[in-house]
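An overview of the molecular structure
Spelled out, the chains give:
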Amino acid sequence: MNGRLAQKVAFVAAAGSGIGRATALRFAREGASVAVNALHDNTTQAVVDEIVASGGSASAHPGDLTDSARVDALMLAAGEQWGRLDVLVNCGGARVPAFAVETTTDEQWHDEFALSVDATFYAIRAALRYMTAQRGGSIVNIISPAAFGGAGGGHAMVGYGAAKAAVDNLTRILAVNYGQYNIRVNAVAPATVETPHTLEFLRTLDERGGREAWQQQIPLRRIGQPDDIANAVLFLASDEAAYVTGATYCVDGGVSAQLGSPRL
Amino acid sequence: MAVVDRDADAGRATATALAEAVGGAQARSYEVDVSDWASVDAAVQQIVADMGPPTALVNAAAIQRFAHAHEIEPAEWSRILAVNLTGTFFMCRAVLPHLMAAGGGAIVNIASTAGLTGLPYDAAYCAAKGGVVQLTKALAVEYAPQHIRVNAVAPGGMQTPMLHVPFPDDALPEVQQRIRRSLLGVADPEDVANVVCFLLSNRASYMTGSIVVADGGALA
């Protein structure tokens, strides 16, 4: 199959919906064999079926990425299935619990880090075993403009922002450490994207008649779509970005270039 | 494609190579000094008359000279700022009305990792490229409602004539090495061109005001 990812094998973590799903579908259209991961069997299989039905190649690797033994087993299975691993995309970590710091429990705080930081680290560690042996690979981590600052405030962003900042930093450290193996590590930072995770927030906006006002605070005047993000992930995963590593691509309609984030 | 360069022969050669490499491609060259508003304004008007209004603009004009900051001649400081920063602004200023009239477009400015970090012996260039970074963000925010996207690429050391600009005689060797070193070696201009093409394309339709490094991990 031709395309920007022809002959490549890509593991997409948290691909059951939203950005991960759009990325998995886009990768398959560009010729990649896609190892699809989502938490549950049925959501994982649904994405695999969608890819196969449109003529692509995919395999199902459902499981919880906050369990490191499980992650090792999933990556091993994906590697055995396709014989190699060229691309890893980490899309997880979007629970965004809105707790005031004073009432946040240890468990809530650790949950946030488990989803964003632990899951990303475990997947990268398992994937690097293949990529270092192959002497090449591309890793793309989905972070958030919340990693760079106050992100419009709000309790929701306390743990989330800190966790995404950790992944942002991990991205650059790994880029430096693994450049010698020709393994590239980059991040994409989307702002609000229309996905099942943001559905509730967007519904609240609509109920208050606030979607238009929200969009007016985004320089490009619209809320992001999963395909907007998938396009940037695809570029960074492909050989077109052969010299790009340690970079963070803001795909946010201009939000992080302006003064202040959209507010309700 | 309108190829704009101060060096008329080099611009012509690029336009010719382009027309040969891409069948049916229309390419013309224009002799322009980007630091001279009259030259930029006249050239863009001529381009519009010859080829129609532009929908995309790439600003790659740059000059660099390594020197101790306390020894830079005022005229040299002004020249480096004029070409790297003011030249980028002049081109944007001349082209933006056409992008607005067309209902949108995309601009990519070539900044530099020198615009994001401090480099010794390079004060004027760092200041100018830092200016390009901020110009990019300001234009992105101002013109996004007109559907004009403005992004910047920040390369590190590249295999271009600029790589051979000499350091001051007493420059520290380890500093010289650090300035020109990248994790993945020195970039081929093609590596950076790939990033520019991505940013200009509809694949980047939700990206604006983004400063993307393409430096083989040097800045990381």
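Rules used throughout
Residues numbered from 1 in each chain as written. Chains lettered and ligands numbered in written order. Predicted model: local features only at pLDDT ≥ 70, side-chain atom pairs only at ≥ 80, totals over all residues. Helix = DSSP H or I, 4+ residues; strand = E, 2+ residues; numbered from the N terminus. Buried ≥ 20, exposed ≤ 12 C-beta atoms within 10 Å, placed from the backbone. Contact = placed C-beta atoms within 7 Å. Rg over C-alpha atoms; globule rule 2.2 N^0.38 Å. pLDDT = per-residue confidence, 0-100. Core = buried A, V, L, I, M, F, W, Y, C linked by C-beta atoms within 7 Å. Nonpolar A, V, L, I, M, F, W, Y, C, P; charged D, E, K, R; others polar. Right-handed = clockwise from strand over helix to strand, strands pointing away. Pairing = 2+ DSSP bridges. Axes fitted to C-alpha atoms, helices over the stretch in contact; angles between N-to-C directions. Parallel < 35°, antiparallel > 145°, perpendicular 65-115°, else oblique. Left-handed = near helix turned anticlockwise from the far one by under 90°.

1. Describing the overall build of chain B
Counting its regular elements, chain B contains six helices and six strands. Reading the secondary structure of chain B in the N-to-C direction produces β-α-β-α-β-α-β-α-β-α-α-β. Oriented by its inertia axes, the alpha-carbon framework of chain B measures out at about 50 × 35 × 35 Å. Looking at the 220 residues of chain B, the share that counts as buried comes to 42%. Put simply, 72% of the contacts in chain B that link residues at least 6 apart link residues at least 24 apart.

2. With respect to the overall build of chain A
Counting its secondary structure elements, chain A contains eight helices and seven strands. In summary, chain A has a C-alpha radius of gyration of 18 Å against a globular reference of 18 Å for 264 residues, a match within 12%. Overall size of chain A, expressed as C-alpha extent along the three principal axes, is 50 × 40 × 35 Å. Burial statistics for chain A: of 264 residues in total, 56% are counted as buried. Here the analysis covers contacts within chain A between residues at least 6 apart in sequence; of these, 72% occur between residues at least 24 apart.

3. Some remarks on the confidence of the model for chain B
Per-residue confidence for chain B gives a mean pLDDT of 93, with 98% of residues at or over 70. Our summary of model confidence lists the complex with pTM equal to 0.92 and ipTM equal to 0.88.

4. Regarding unusual backbone geometry
Residue and element names in this part refer to chain A. Although it is not a glycine, Arg135 adopts a positive phi angle of roughly 60°. Relative to the helices and strands, Arg135 is located in the loop between helix H4 (106-134) and strand S5 (137-142). For Arg135, a count of 10 C-beta atoms within 10 Å translates into the label exposed. Its identity as a non-glycine residue notwithstanding, Asn182 has a phi of 60°, on the positive side. Mapping Asn182 onto the fold places it in the loop between helix H5 (157-178) and strand S6 (183-190).

5. A short note on the nonpolar core
Counting residues in hydrophobic clusters, the biggest one holds 143 residues, and the most contacted among them are A:Ala10, A:Ala127 and B:Val153. Among the elements that line this core, the one with the most residues is H4(A), at twelve residues. Contacts of A:Ala127, omitting those with residues within four sequence positions, involve A:Phe11, A:Met75, A:Leu85, A:Leu88 and A:Ile139.

6. Brief notes about the interface of chain B and chain A
Chain B puts 27 residues into the contact, and the matching count from chain A is 28 residues. Where the side of chain B that touches chain A is concerned, the elements lending two or more residues are helix H4 (123-143), helix H6 (189-200) and strand S6 (211-214) of chain B. With four residues, the single largest contributor to the side of chain B that touches chain A is H6(B). By residue class, the composition of the side of chain B that touches chain A is 17 nonpolar, seven polar and three charged.

7. Notes on the pairing of strand S4 (residues 105-110) of chain B
Residues and elements named next belong to chain B. The buried fraction of S4 amounts to six of the six residues, a majority that puts the element mostly inside the structure. Note on the crossover from strand S3 (residues 56-59) through helix H3 (residues 74-101) to S4: the handedness is right-handed. Two elements, S4 and strand S5 (residues 148-155), share six bridges in a ladder whose sense is parallel. If you follow Ile107 over to S5, its bridge partner there is Val150. A crossover connection joins S4 to the parallel S5 through H4; in handedness this β-α-β unit is right-handed.

8. Overview of the environment of A:Trp109
All names here are of chain A. Assignment of secondary structure puts Trp109 in helix H4. Its 17 C-beta neighbours within 10 Å are what place Trp109 among the partly exposed residues. Placed 51 residues apart in sequence, Trp109 and Tyr160 show a C-alpha to C-alpha distance of 9.1 Å. Residues contacting Trp109, with those up to four places away along its chain left out, are Thr104 and Gly159.

9. Examining the environment of B:Val141
Relative to the elements of secondary structure, B:Val141 occurs in helix H4. In contact with B:Val141, other than residues within four places in its own chain, are A:Pro219, A:Gly254, A:Ala257, A:Gln258 and B:Gly209.

10. Let's talk about the sheet that holds strand S3 (residues 57-60) of chain A
Residues and elements named next belong to chain A. With parallel pairing, seven strands are arranged side by side in an open sheet as S3-S2-S1-S4-S5-S6-S7. Looking at which strands have only one partner, the edges of the open sheet turn out to be S3 and strand S7 (248-251). Sheet twist, expressed as the mean angle between neighbouring strand axes with direction ignored, is 20°. Pairing analysis gives four bridges linking strand S1 (residues 9-13) to strand S2 (residues 33-36), with the strands arranged parallel. Looking at S2, one finds that Ala10 is bridged to Val34.

11. A word on the sheet that holds S5(B)
All names here are of chain B. Strand order in the open sheet made by the four strands is S3-S4-S5-S6, with parallel pairing throughout. Each edge of the open sheet carries a strand with a single partner, namely S3 and S6. Mean inter-strand twist for the sheet, computed between neighbouring axes without regard to direction, equals 20°. The sheet contacts of H3 involve S3, S4 and S5, and relative to S3 the element is tilted by about 175°. Where H6 meets the sheet, it contacts S3, S4, S5 and S6, and its direction lies at approximately 165° from that of S5.

12. Considering the pairing of strand S1 (residues 2-5) of chain B
The sheet contact formed by S1(B) and strand S2 (residues 28-31) of chain B spans four bridges and is parallel. Paired with B:Val3 across the two strands is B:Ser29, which belongs to S2(B).

13. Remarks on the packing of helix H2 (residues 37-51) of chain B against H3(B)
Geometrically, a packed helix pair is captured by the angle between its two axes and the distance between the axes. All names here are of chain B. Look at H2 against H3: their axes get within 9 Å of each other, and the N-to-C directions meet at 30°. Taken as axis vectors, H2 and H3 run roughly parallel relative to one another. When you trace H2 past H3, the crossing you get is right-handed. Taken together, the residues of H3 that come into contact with H2 (itself represented by Trp37, Val40, Asp41, Val44 and Val48) are Phe90, Met91, Ala94, Val95 and His98. Each residue belonging to the contact of H2 with H3 can be placed in one class, and the counts come to eight nonpolar, one polar and one charged.

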